[in-house]
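Chain by chain, the residues:
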Amino acid sequence: MTAPTPRSAAPSAPAAPATAPVRWGILATGAIASAFAEDLALLPDARLTAVASRTEESALRFAERHDIPRAYGSWEQLAKDPEIDVVYVATPHAQHHAATALLLAAGKPVLCEKPFTLNLPEAQDLVRLAREHRVFLMEAMWTYLDPAVRRLTRLVDDGAIGDVRTVQAEFAFTADPGGSGRLRDPGAGGGALLDIGVYPLAFAQLLLGAPDTVQAWGRIAADGVDDNTGIVLGHPGGAHAVLSCSIVSDGAQRAEIGGTLGRIEIPRDFYRPDSFVLHRRGHEPEEFRFPREAGHGYRYEAAEVMRCLRAGAVESPLVPLDGTLAVMATLDTVRRRIGLRYPGDRD
């Protein structure tokens, strides 16, 4: 079986000062950028120093709302700012490659929102750039840094449920079928798969590693995006994952991990759970609860980035780039299976 994704060692680069605050820039000014900015304010060793947008007006409004000293009307200005230690890329995912490539070429460490890119070749290009320039790069897969998921992963690694044989996970909600936003725009990489399907796929590969077989079924809506997709992953040794994502049905976002000695149930929001239940043969069910801390849940990924920068690491051992590439490869395979294409796709 291919090793599960977040287990690899991270290479190193010159360490950042251990005592000075880490100075952040944010590229983009949407809702997720605002949530991240609010979470950075909860970290005493983080300083939100600059924001960039394609328009100066948008950057200025965002800067005023979040008390940010500098606002730039172009991505290039942020990339050239010598007083920025790391940049969070929060654009729609169709723009991730262009924004991140610009920053890496300028020597700026990057935390890039998920999904990392639209496809595997774009992701491979970013990883190549980061490794060539020895600049830190990490996908903002907050699930991997969530305290509950990390505790769950340790239990699995320690053999609490034996060998993992099955993973089931769903992410579903109902979106306006007549909507015209990013979720319904194929040019923005919209639809269920990339926007929310990346979560069950990443969760499954966290536990089982990369699959050797991929089957998928999906409906392509009239607007050209997938709105209801199911996936089955096959792994060496007979383990498998059954996953689904939908923007036309409601769901609890639940997950279950089955092993030879027991199972773990996540009743809701598996990508950021506040509880899960461990069932072991011969034992009473054991519930693990994780009270919500202040913020939106992005503080953990920001803290991991800062830890890596201070250690001189250019990759995170918890969200390694090889794991990100493995998930992107599976996403590409699913797209081929269901016939999902975006403008600019090449055969």
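To be clear, the structure that these remarks concern was listed above.
Throughout what follows, the structure given in this document is the object of discussion.

The rules we used
Residues numbered from 1 in each chain as written. Predicted model: local features only at pLDDT ≥ 70, side-chain atom pairs only at ≥ 80, totals over all residues. Heavy atoms only, no water. Pairing = 2+ DSSP bridges. Helix = DSSP H or I, 4+ residues; strand = E, 2+ residues; numbered from the N terminus. Axes fitted to C-alpha atoms, helices over the stretch in contact; angles between N-to-C directions. Contact = heavy atoms within 4.5 Å. Core = buried A, V, L, I, M, F, W, Y, C linked by side-chain atoms within 4.5 Å. Buried < 20%, exposed > 50% of the residue type's maximum accessible area, 1.4 Å probe, protein only. Salt bridge = Lys/Arg side-chain N within 4 Å of Asp/Glu carboxyl O. Right-handed = clockwise from strand over helix to strand, strands pointing away. Parallel < 35°, antiparallel > 145°, perpendicular 65-115°, else oblique. Nonpolar A, V, L, I, M, F, W, Y, C, P; charged D, E, K, R; others polar. Disulfide = S-S within 2.5 Å. Left-handed = near helix turned anticlockwise from the far one by under 90°.

What follows deals with the pairing of strand β8 (residues 213-220). As defined by bridge partners, β8 adjoins strand β9 (residues 226-234) across eight bridges and the pair is classed as antiparallel. In the sheet register, Q215 faces β9, and the bridge partner there is V232. Taken together, β8 and the strand that follows it, β9, pair antiparallel across an intervening segment of five residues, in which G224 is found at a positive phi of about 95 degrees.

This part takes up the sheet that holds strand β14 (residues 286-289). Overall, mixed pairing links the eight strands, which are arranged β8-β9-β10-β7-β11-β12-β13-β14 in an open sheet. What marks the edges here is a single partner per strand, and that holds for β8 and β14. Strand after strand, the sheet turns through a mean of 10 degrees between neighbouring axes, direction not considered. Across the sheet, helix α8 (residues 192-208) lies against β7 (164-172), β9, β10 (240-246), β11 (255-259) and β12 (262-266), angled at about 160 degrees from β10, the strand it touches most. Strands β8 and β9 of the sheet are contacted by helix α10 (residues 321-338), whose axis makes an angle of about 55 degrees with β8.

Moving on to the nonpolar core. Membership of the largest hydrophobic core comes to 116 residues, with the highest contact counts inside it found for W24, I26, F36, V167, F203, I257 and F270. When residues of this core are assigned to their parent elements, the largest contribution, 13 residues, is made by α8.

Attention shifts here to the pattern of salt bridges. What the rule picks out here adds up to 18 salt bridges. Residue D227 pairs with R219 through a salt bridge whose shortest N-O separation is 2.5 Å. Classification of D227 by relative accessible area gives buried; the value is 1%. We note a salt bridge from E287 to R289, for which the minimum N-O separation is 2.8 Å. With a relative accessible area of 53%, R289 lands in the exposed category. Connected through salt bridges with shared partners, the residues R70, D81 and E83 form a single ionic network.

Residue P115 is reached from K114 by a cis peptide bond, and omega for that bond is -15 degrees. Tracing the backbone through its elements, the reader meets P115 in the loop between β5 (110-113) and α5 (120-133). Its identity is not glycine, yet A28 carries a phi of approximately 115 degrees, on the positive side. If you trace the backbone, A28 turns up in the loop between β1 (22-27) and α1 (31-40). Overall, A28 belongs to the buried group, its relative accessible area being 12%. The phi torsion at Q253 lies on the positive side, around 60 degrees, for a residue other than glycine. Position of Q253 relative to the elements: it lies in the loop between β10 and β11.

Attention shifts here to the pairing of strand β2 (residues 46-52). By the criterion of burial, β2 is predominantly enclosed, with six of the seven residues buried. Sheet analysis places β1 next to β2, joined by six bridges and oriented parallel. Counted as the bridge partner of I26 is V51 from β2. Regarding topology, α1 serves as the crossover connection from β1 to the parallel β2, and that connection is right-handed. After leaving β2, the chain enters helix α2 (residues 56-66) and then returns to the sheet as strand β3 (residues 70-72), a path that is right-handed.

Let us look at the sheet that holds strand β6 (residues 137-140). Read across the open sheet, the six strands follow the order β3-β2-β1-β4-β5-β6; overall the sheet is parallel. Single-partner strands in this sheet number two, and they are β3 and β6. Ignoring which end each strand starts from, the neighbouring axes of this sheet average 25 degrees apart. In terms of strand pairing, β5 meets β6 through four bridges, oriented parallel.

What follows deals with the packing of helix α4 (residues 96-105) against α5. Contact pair α4 / α5: the axes reach a minimum separation of 10 Å and the direction vectors enclose 10 degrees. For the element pair α4 / α5, the angle class is roughly parallel. Listed contacts from α5 to H96, H97, T100, A101, L104 and A105 of α4 are E122, D125, L126, L129, A130 and H133. Classifying every residue of the contact of α4 with α5 by side-chain character gives six nonpolar, four polar and two charged.

The bond known as a disulfide is covalent and runs between the sulfur atoms of two cysteines. Evaluated as defined, the whole model comprises zero disulfides. Cysteine C112 is unpaired, with the sulfur of C308 as its nearest cysteine sulfur at 16 Å. C245 forms no disulfide, and the closest cysteine sulfur to it belongs to C112, at a distance of 20 Å.

Between two packed helices, both the angle of their axes relative to each other and the distance between the axes serve to describe the pair. Remark: α8 packs on α10, axes separated minimally by 10 Å, with the N-to-C direction vectors making an angle of 125 degrees. One finds that α8 runs oblique with respect to α10. Crossing geometry of α8 relative to α10 is assigned as right-handed. Residues L193, L194, V198, L201, A202 and Q205 of α8 touch α10, and the partners they reach there are A326, V327, T330, L331, V334 and R335. Across the contact of α8 with α10, the residue classes break down as nine nonpolar, two polar and one charged.

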